[in-house]
Every structure is written in C-alpha cells, then in structure tokens.
Amino acid sequence: TLAVRKGNVDYGGRTTFASHENYLHHRPPAELQPALAPHLVSRIVFTGAGGFDPFNRRRSRFVLSPRALFMRSVAATSAPGGLALVDGRAQPHCAGFHRQHLVCADANRSHLSMFLRLGTTALVVALIDAGCAEADEVKLVEPLQALVTVARDTTLRQRLDLASGRQATALDIQRHYLRQARRSLV
C-alpha cells in the first residue's frame, strides 16, 4: 500500500490540518470578519499550496488550495469538521486590541508564498481597521461558493458574483486591495 500525503491534507482520511495566523486590530470583530472574507477567498491564487481535490475520488483534479475545500462557514469558531474561513474566537491575548485568528490557509513550504500571505493579510486588516479598504466594492454574494470556485480555477479567469451585481475574478479582488493600499500611502 502506498499512502501519499502532501502538506496539510490527508487524502486517505480526508482530514486537514491548519496553518495558523493571528492579526491584531481595533475594529470590532463583527465588522472586520465580513470585510476580510473577499481577501481570504482571493488570496489563494498566490498562497495556495496546490494539490488535489480531496473529495473527488473518481478522478484526480488539481486545485490551487486543497484546504479551501474543507471550509464550511464564513465566520464561526473553527472546530474539527466545522472549519470557518474566518475564525470567530475571541481571545485577544493583549489589552486594547482584538485578535483575528485564521486557520483557513494551506500549509506551504514556499517562503515567498508565506511572506505574501502574512504581508497582504496584515495590510488588508490594517486597511479595514483604518476604514480604507472599501470592502463593500468586493463583497461576495456567496463567499464559500466563491472559495470553491477560486480553489478549482487553475486559469484564474473564473468570475465571482459580487453583492453590487458586478463580477470580478480573484485577481481583480486582489488588485482592488492593492489600489486601496496605494491610495492610503498618499
């Protein structure tokens, strides 16, 4: 018997393991969490570890982020079998701040990918915290469905439905945050 395991997904047992991240912020978590979702959905285009769809046993299908396919809610307290894109735990660990805990990312051995994951997310959290993210412009109609779409989109061309009635690709959403960051520098 040959068992193949890559990163944070056990394909034999359909189990996943988390790569944890924490970000401090001042904005109430109920405001930060939904505003952060579009970034978390779209960042897998440069932070996904790559792998195979753990739920498709009939044929091997490459996906950008195997871990993304395990997410079951947008914001909730993550627990085995009920993983959330944004973890709703309230554990600040310091005075004067809230701590946003995330366990939605792939484990990744690429230093560049890890740097981009942490750096861009810290920047987006800071933009949201400062009221400069304009997150409503990229708010997704169905964040979990968009996450699955992006995870399976190896062409990076799939369009996602936005709450505004428009559509955007994952790259368009990341470019939105880049524009907001550049605007905030001035």
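Residues numbered from 1 in each chain as written. Predicted model: local features only at pLDDT ≥ 70, side-chain atom pairs only at ≥ 80, totals over all residues. Heavy atoms only, no water.

Chemist: An account of the overall build of the protein is requested, with residue identities and associated values reported.
Modeler: Helices and strands together make up the secondary structure of the protein, namely five helices and ten strands. Relative to a compact globule of 186 residues, whose C-alpha radius of gyration would be 16 Å, the protein shows 16 Å and is just as compact. In terms of overall dimensions, the protein has C-alpha extents of about 55 × 40 × 30 Å along its principal axes. Counting across all 186 residues of the protein, residues that qualify as buried make up 42%. Summarising the internal contacts of the protein: among those between residues at least 6 apart in sequence, 64% fall at separations of at least 24. For the protein, the exposed surface amounts to about 9900 Å²; the carbon and sulfur share of it is 56%. Averaged over its 24 positive side-chain charges, the protein has a centre that lies 7 Å from the centre of its 14 negative ones. (Helix = DSSP H or I, 4+ residues; strand = E, 2+ residues; numbered from the N terminus. Rg over C-alpha atoms; globule rule 2.2 N^0.38 Å. Buried < 20%, exposed > 50% of the residue type's maximum accessible area, 1.4 Å probe, protein only. Contact = heavy atoms within 4.5 Å. Areas by Shrake-Rupley, 256 points an atom, 1.4 Å probe, with all protein chains shown as cover. Lys, Arg positive; Asp, Glu negative; His and termini not counted. Charge placed at Lys NZ, Arg CZ, Asp CG, Glu CD.)

Chemist: Got a sec to walk through the packing of aromatic side chains? Specific residues and values, please.
Modeler: Taken as a whole, this structure holds two aromatic pairs when the rule is applied. On the basis of an interplanar angle of 90° and a centroid distance of 6.4 Å, the ring pair of F52 and F62 is categorised as edge-to-face. Of this pair, F52 sits in strand β4 (residues 51–52) while F62 sits in strand β5 (residues 62–63), and the two are ten residues apart along the sequence. Exposure remark for F52: the relative accessible area of 43% places this residue in the partly exposed category. Residue F62 is classed as partly exposed on the basis of its relative accessible area of 43%. Residues F55 and F70 carry aromatic rings whose centres are separated by 4.9 Å and whose planes lie at 55° to one another, so their mutual orientation is tilted. With F55 in the loop between β4 and β5 and F70 in the loop between β5 and β6 (73–76), the pair connects residues that are 15 residues apart, well separated along the chain. F70 gets classed as buried once you look at its relative accessible area, which sits at 8%. (Phe/Tyr/Trp six-rings, centres within 6.5 Å; stacked < 30°, edge-to-face > 60°.)

Chemist: Go over helix α3 (residues 111–129), please, and point to the residues and values.
Modeler: The end-to-end C-alpha separation of α3 is 27 Å, in line with the 27 Å expected for 19 residues at 1.5 Å each. Regarding α3, the residues found buried are S113, R117, T120, T121, V124, V125, L127 and I128. For α3, the angular spread of buried residues about the axis comes to 160°, placing them on one side. Facing away from the buried surface of α3 by more than 90 degrees, the exposed residues are H111, L112 and F115. Lining the buried residues of α3 we find β3 (19–25), α1 (29–42), α2 (44–47), β8 (98–105) and α5 (170–185). G131 lies just past α3 and shows a positive phi near 75°. (Expected span 1.5 Å × (residues − 1). Arc of directions from axis to C-beta.)

Chemist: Quick rundown of the pairing of β8? Include the residues and the values.
Modeler: Looking along a regular strand, one sees the side chains alternate between the two faces of the sheet. Counting buried positions over the eight residues of β8 gives seven, a clear majority of the element. By the bridge criterion, six bridges tie β3 to β8 in an arrangement that is antiparallel. What sits directly across from H25, in β8, is H98. (Pairing = 2+ DSSP bridges.)

Limitation: the analysis is restricted to geometry and does not speak to function.
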